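Architecture and fold: a report
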Amino acid sequence: MREGIASLEVRPPEPSEFADRIRTISRHHPWLVAEIEREVVGYAYGSRHHERASYRWSTGVTVYVAGSQHRRGIGRALYGALLPLLQQQGFYVACAGVTLPNDASVGLHESLGFTPVGIYRDIAFKHGSWRSVGWWQMYLRDCVEGEVPAEPGPPVRLDEL
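Residues numbered from 1 in each chain as written. Predicted model: local features only at pLDDT ≥ 70, side-chain atom pairs only at ≥ 80, totals over all residues. Heavy atoms only, no water.

Positionally, H109 belongs in helix α3 (residues 103–111). Separated by 2.7 Å, the side chain of H109 and the backbone oxygen of S105 make a polar contact. Setting aside residues up to four positions removed in sequence, H109 forms contacts with Y79, A96, V98 and F114. (Helix = DSSP H or I, 4+ residues; strand = E, 2+ residues; numbered from the N terminus. Polar contact = N/O pair within 3.5 Å; in protein donor to acceptor, adjacent residues only side chain to side chain. Contact = heavy atoms within 4.5 Å.)

Another point: the pattern of salt bridges. Opposite charge on two side chains permits pairing when their charged atoms draw close. Enumeration over the complete set of coordinates arrives at 6 salt bridges. Residue E17 is joined to R21 by a salt bridge in which the shortest nitrogen-to-oxygen separation is 3.3 Å. Of the two residues, E17 and R21 are both situated in helix α1 (residues 15–26); the distance of 4 residues between them amounts to about one turn of the helix. Across the pair R23 and D20 runs a salt bridge, and its minimum N-O distance is 2.4 Å. In this pair, R23 and D20 both sit in helix α1, 3 residues apart, roughly one turn of the helix. Overlapping salt bridges, with partners in common, bring together E9, R11, E17 and R21 in one network. (Salt bridge = Lys/Arg side-chain N within 4 Å of Asp/Glu carboxyl O.)

With that settled, consider the layout of surface pockets. Of the pockets and cavities examined, the largest pocket occupies roughly 1300 Å³. As for the largest pocket, its lining consists of 48 residues, of which A6, T62, V63, Y64 and S105 are closest to the centre. Contributions of two or more residues to the lining of the largest pocket are made by α1, β2 (39–48), β3 (58–65), α2 (74–89), β4 (93–100), α3 and β6 (129–139). It is α3 that contributes the most residues to the lining of the largest pocket, 7 residues altogether. Classifying every residue of the lining of the largest pocket by side-chain character gives 22 nonpolar, 18 polar and 8 charged. (1 Å grid on protein atoms, 1.4 Å probe; cavity = no way out; pocket = protein on both sides within 12 Å on 5 of 7 lines; lining within 4 Å. Points joined across faces, edges and corners; volume = space filled by probe spheres on them. Nonpolar A, V, L, I, M, F, W, Y, C, P; charged D, E, K, R; others polar.)

Here we come to the sheet that holds β4. In spatial order, the strands read β1-β2-β3-β4-β6-β5; together these 6 strands make up an open sheet with mixed pairing. Edge positions in the open sheet fall to β1 (31–36) and β5 (115–126), since each of these has one partner strand only. Across this sheet, the average inter-strand angle for adjacent strands is 25°, counted without regard to direction. Bridge count between β5 and β6: 8 bridges; the pairing is antiparallel. Within β6, the position partnered with Y120 by the bridge is V133. Together, β1, β2, β3, β4 and β6 form the strand contacts of α2, whose direction differs from that of β3 by roughly 160°. (Pairing = 2+ DSSP bridges. Axes fitted to C-alpha atoms, helices over the stretch in contact; angles between N-to-C directions.)

Mapped onto the elements of the fold, Q89 is located in helix α2. Here Q89 is in contact with H28, H29, P30, P152, G153, P154, P155 and V156, once residues within four sequence places are set aside.

Evaluation of the coordinates by the stated rule reveals 9 aromatic pairs. When the centroid spacing of 5.1 Å and the interplanar angle of 65° are considered together, the rings of F125 and W130 count as edge-to-face. When the ring centre of Y92 is taken as reference, the NZ or CZ atom of R141 above it lies at 5.3 Å. (Phe/Tyr/Trp six-rings, centres within 6.5 Å; stacked < 30°, edge-to-face > 60°. Lys NZ or Arg CZ within 6 Å of the ring centre and 35° of its normal.)

Helix length check: α2, at 16 residues, gives a terminal C-alpha distance of 23 Å against a target of 22 Å (1.5 Å per residue), a fit within 8%. What α2 keeps buried is the set I74, G75, L78, Y79, L82, L83, L85, L86 and Q89. All buried residues of α2 project into a common sector of 165° when viewed along the axis, lining one side. Next to the buried residues of α2 lie β1, β2, β3, β4, α3 and β6. Once α2 finishes, G90 follows within two positions and takes phi at roughly 115°, a positive value. (Expected span 1.5 Å × (residues − 1). Buried < 20%, exposed > 50% of the residue type's maximum accessible area, 1.4 Å probe, protein only. Arc of directions from axis to C-beta.)

The structure is reproduced here in structure tokens:
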């Protein structure tokens, strides 16, 4: 996190800060953790895509896998569990931002059905350089023109699917 650009954090959050994030986000979206031999190796979660009310049927998604665990299918497994939870909860669109360049993350998102929708060029500054962020989206359910969608419900647990 400190060395790479996949996360635009400038420092790893303290454990208490991270716990607060999980608690806050988990009120409205699922947060999943991957462990191997009782060690956390990755996580994925949904979040508000935007604060305005009309965006409430869209969700941001994030997946992070420890560098030592890349190319083991952990990110795919986390998204494979997260996306159905978000669909069941009532979200219609999942949006993912990827700091560029990141061929592995782009490949993961596109292999799961996310499509590129744009790039924020030079939007963040880290490690002495301006960084661009690409955006991908995936439909979790069909958007029917003229049909008022039901409100998204509370977060769904894996054992409730």
